[in-house]
Amino acid sequence: MSHKKSMVVGVFLLVFILMLAACGPQRSVESDASPGQPGTNENTKPAQLTIWADDNAEKLAALKAITAKYTEQTGIPVNITPIAMNDQQQALSLDGPAGKGPDLFYQPGIGSLSVQGLVQPLTVSDEDKANFTKETLEALSYDGNLYGLPFVVETYALLYNKELVPEAPKTIAELEQLAGKMTNAGNDEYGFLYDATNFYYSWAFMGGSGGYIFKETDNGFDINEIGLNQAGAVQGMSLIQSWFEKGYLPKGVNGDIVGGLFNEGKAAAVINGPWAITDHKAQLGDNLAVAALPVMEDGTHPQSFIGVKGWMLSAYSKNPEWATDLAVFLTNAESSMEWFKATGEMPAHLDVLNDPLLVNDPLVAGFSEQIQYGKPFPNVAELTHVWDPLANALKFVSEGEDVQAVLDEAVAQIQDKIKMAGAQ
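Calculation notes
Here the residue numbering is sequential within each chain, running from 1 through the sequence in written order. With the structure being a predicted model, the display of local features is reserved for residues of pLDDT at least 70 and the display and counting of side-chain atom pairs for 80 or more, all residues being used for whole-chain, interface and lining totals. Derived side-chain values reflect all non-hydrogen atoms in the structure, with water molecules and hydrogen atoms excluded from consideration. UniProt positions are given in the numbering used here, feature names are shortened, and annotations may be inferred rather than shown by experiment. Every patch collects residues that have over 30% relative accessible area and no salt bridge, joining them within 9 Å if they carry like charges and within 5 Å if they are nonpolar side chains (Val, Leu, Ile, Met, Phe, Trp, Tyr). Only the protein chains shown count as cover for residues, and all accessible areas are computed by the Shrake-Rupley method using a 1.4 Å probe. Salt bridges, as used here, are contacts in which a Lys or Arg side-chain nitrogen is within 4 Å of a carboxyl oxygen on Asp or Glu. Residues scored as positive are Lys and Arg, those scored as negative are Asp and Glu, and His as well as the terminal groups of each chain are ignored. In plain terms, the charge of a residue is placed at NZ if it is Lys, CZ if Arg, CG if Asp and CD if Glu. Helix and strand definitions follow DSSP, with helices as H or I runs of at least four residues and strands as E runs of at least two, each counted in order from the N terminus. We call a residue buried when its accessible area falls under 20% of the maximum for its residue type, exposed when it is over 50%, and partly exposed in between, using a 1.4 Å probe and counting protein chains only. Residue contacts are defined here by distance: any two heavy atoms, one from each residue, within 4.5 Å place the two residues in contact. Two N or O atoms count as a polar contact when they lie within 3.5 Å, although within protein this holds only if one can serve as hydrogen donor and the other as acceptor, and sequence-adjacent residues are included solely when both atoms are side-chain atoms. In this analysis, the protein atoms alone were mapped onto a 1 Å grid. Cavities are point sets where a 1.4 Å probe fits without being able to get out; pockets are open sets with protein on both sides within 12 Å along at least five of seven lines; lining residues have an atom within 4 Å of a point. Grid points are joined across faces, edges and corners, and a volume is the space filled by probe spheres set on the points. Ten residue types, Ala, Val, Leu, Ile, Met, Phe, Trp, Tyr, Cys and Pro, are classed as nonpolar, four, Asp, Glu, Lys and Arg, as charged, and the remainder, Gly among them, as polar. Lines fitted to the C-alpha atoms define the axes, with helices restricted to the stretch that makes contact. Angles between their N-to-C directions range from 0 to 180 degrees. Geometric relationships in this document are graded by angle, where less than 35 degrees denotes roughly parallel, more than 145 denotes roughly antiparallel, 65 to 115 denotes roughly perpendicular, and other angles denote oblique. By definition, turning the near helix anticlockwise from the far helix through less than a right angle yields a left-handed crossing, and turning it clockwise yields a right-handed one. Two strands form a pair only when DSSP identifies at least two bridges running between them. Think of a nonpolar core as a cluster: buried Ala, Val, Leu, Ile, Met, Phe, Trp, Tyr and Cys residues, connected wherever their side-chain atoms sit within 4.5 Å.

For the protein chain, an unreviewed UniProt entry supplies the name Maltodextrin-binding protein and the organism Paenibacillus zeirhizosphaerae. The Subcellular location (unreviewed entry) field of the UniProt record for the protein chain holds the comment "Cell membrane". Note on the protein chain: under the UniProt heading Sequence similarities (unreviewed entry), the record states "Belongs to the bacterial solute-binding protein 1 family."

Participant: Any chance you could explain a negative patch on the surface here in plain terms?
Facilitator: Taken together, Glu401, Asp402, Asp408, Glu409 and Asp416 make up a surface patch of like negative charges. Among the secondary structure elements, Glu409 is positioned in helix α17 (residues 403–423). In this structure Glu409 comes out as partly exposed when scored by relative accessible area, which is 45%.

Participant: Hey, could you run me through the environment of Tyr201 in this one?
Facilitator: Following the sequence through the fold, Tyr201 ends up in helix α7 (residues 199–208). Residue Tyr201 is classed as buried on the basis of its relative accessible area, which comes to 10%. Spatially, the C-alpha atoms of Tyr201 and Ile271 are 7.7 Å apart, while their sequence positions differ by 70 residues. Residues in contact with Tyr201, not counting those within four places in the same chain, are Tyr156, Tyr194, Asp195, Ile271, Asn272 and Trp275. Within polar-contact distance, the side chain of Tyr201 engages the side chain of Asn272 at 3.4 Å.

Participant: What is the right way to look at empty space enclosed by the protein in this model?
Facilitator: In this approach, a probe sized like a water molecule rolls over the atoms, and the result shows the empty space that is left. Following the criterion strictly, the structure yields 1 cavity of 30 Å³ or more and no others. What lines the largest cavity is Ala53, Asp54, Lys59, Leu60, Leu63, Tyr106, Trp311 and Trp339. The leading source of residues in the lining of the largest cavity is helix α2 (residues 57–74), at 3 residues. Per-class residue counts for the lining of the largest cavity are 6 nonpolar, no polar and 2 charged.

Participant: Could you clarify how one ought to interpret unusual backbone geometry in this entry?
Facilitator: Leaving glycine aside, a negative phi is the common case for residues, and trans is the common case for peptide bonds. Even without a glycine there, the phi angle at Asp143 is positive, about 55°. Here Asp143 shows up in the loop between β4 (141–142) and β5 (145–146).

Participant: Is there a simple way to think about the packing of α2 against helix α12 (residues 333–343) in this case?
Facilitator: Angle between the axes and distance between the axes are the two parameters that describe a pair of packed helices. Contact geometry for α2 and α12: axes closest at 10 Å, N-to-C directions at 155°. Overall, the two elements α2 and α12 adopt an arrangement that is roughly antiparallel. Relative to α12, the crossing made by α2 is right-handed. Residues Glu58, Lys59, Ala62, Leu63, Ala65, Ile66 and Lys69 of α2 form the contact with α12, whose participating residues are Glu334, Ser335, Glu338, Trp339, Ala342 and Thr343. Here the residues of the contact of α2 with α12 are counted per class, giving 6 nonpolar, 2 polar and 5 charged.

Participant: Would you mind going over the sheet that holds strand β8 (residues 190–193) with me for this structure?
Facilitator: The strands that make up a sheet pair up through hydrogen bonds in the backbone, lying either parallel or antiparallel. Taken together, 4 strands build an open sheet; the order of strands is β8-β11-β7-β12 and the sheet is mixed. Both outer strands of the open sheet, β8 and β12 (288–291), are each paired with one neighbouring strand and no more. Between one strand and the next, the sheet's axes are offset by a mean angle of 20°, whatever the strand orientation. Pairing geometry for strand β7 (residues 157–161) and β12, over 4 bridges, is antiparallel. Bridging across to β12, Asn161 finds its partner in Leu288. Of the strands in this sheet, β7, β11 (267–272) and β12 are in contact with helix α10 (residues 277–284), which crosses β12 at around 140°.

Participant: How should I be thinking about the layout of surface pockets in this particular structure?
Facilitator: Considered as a void within the structure, the largest pocket measures approximately 1200 Å³ in volume. When residues in the lining of the largest pocket are grouped by element, the largest group, 5 residues, is from helix α5 (residues 134–139). For the lining of the largest pocket, a count of residues per class yields 24 nonpolar, 15 polar and 9 charged. Quantified by volume, the second largest pocket comes out at close to 860 Å³. What lines the second largest pocket is a set of 28 residues, and nearest its centre among them are Asn86, Pro108, Gly109, Phe377 and Trp387.

Participant: How should the nonpolar core be read in this particular structure?
Facilitator: For soluble globular proteins, nonpolar side chains are generally found buried alongside one another. Judged by nonpolar contacts, the single largest core of 125 residues is most densely connected at Tyr194, Phe199, Leu228, Trp243, Trp311 and Leu390. Beyond its immediate chain neighbours, meaning those up to four positions away, Phe199 contacts Met206, Ile213, Leu228, Phe305, Val386, Trp387, Leu390 and Leu394.

Participant: I tried to follow the environment of His280 on my own but got confused; where do I start?
Facilitator: Tracing the backbone shows His280 in helix α10. By relative accessible area, His280 is classed as buried at 2%. Spatially, the C-alpha atoms of His280 and Asn263 are 6.0 Å apart, while their sequence positions differ by 17 residues. The contact partners of His280, leaving out residues within four places of it in the chain, are Leu159, Gly259, Phe262, Asn263, Asn272, Gly285 and Leu288.

Structure representation (structure tokens):
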């Protein structure tokens, strides 16, 4: 063999030996990891994982049962800290940098979490993503990054008392006929009721009329183009105003009044969400029924908001791979079904949504149908500036003020709020 050939062979053998050395430890580590769980040198099992959950005794008990199975499977204890969802964002901004924050926390949509740097992208397989709809994943995404996994989906629908109205009104015209026939404000009796000055509920009729909050683009939303004072939104709010003018809806009504009158049998139908089912079921029993919102005059469906609550990966987690693994476990089919049975909340997991247990439940089916016509909240931080101006606008409209003028003022306020927030 020539000297030149000998050198080539020697280099080849050296490279081959180095490749074997590099591969050896990796195989050893992977063999120690359980299927579907993290398995890298940098990702040793943490002493525990911490999650922040909504402060609700019934739901906390269900979550403890689910996480106990994760601990049994992985050997990792899961510490559950109850903190109200509305308080978690501020708490994380303080506790996270101090090292006292969670690995996962529970929130309805991405909102301003990404802008504030409170979350980090999580990496999951396409197989795991396929368990959810594109829309629910987008609700927990921002700028192309996924920050959480969907756990619960919710929207509102028409709840009705079959003793007072055997079949749900299928159109807005039928809904108004019901209101005209059964409303007797002097006796606190109404054909239908809802918290109409709450933008969350009233948006359904504004969006169903063709309205939009921020203009959708190929890249998300254009916050500089606000549609709340354009034709569709004006038309929808004019419809709501007509219900006040005709006496179908009383001024000053709120959610507590709506729920109370419905439980007393003084309202034939109300607009509410699955969170109200337990209370109404206890009062109305088998007379309680749920249907999709009545169709608009032009045949379109009211566009209810779809809330997507999910497990978010904290920016301050020191164990992002294992935290992601826990998020996958919490949102898998078995955990999602267990959660539904314990809480009645609709799971985001497609296999569970299509399970006969849910499909054949008439109370669940009504919400499931309405979800088809709903839309997630715009996943931009600027949405926070919309709520108060629109709540005020609906109040002014209920008192008879001009719809276009009121919405023009509301949009001006929103634009000012966005500018002020951008200047900070």
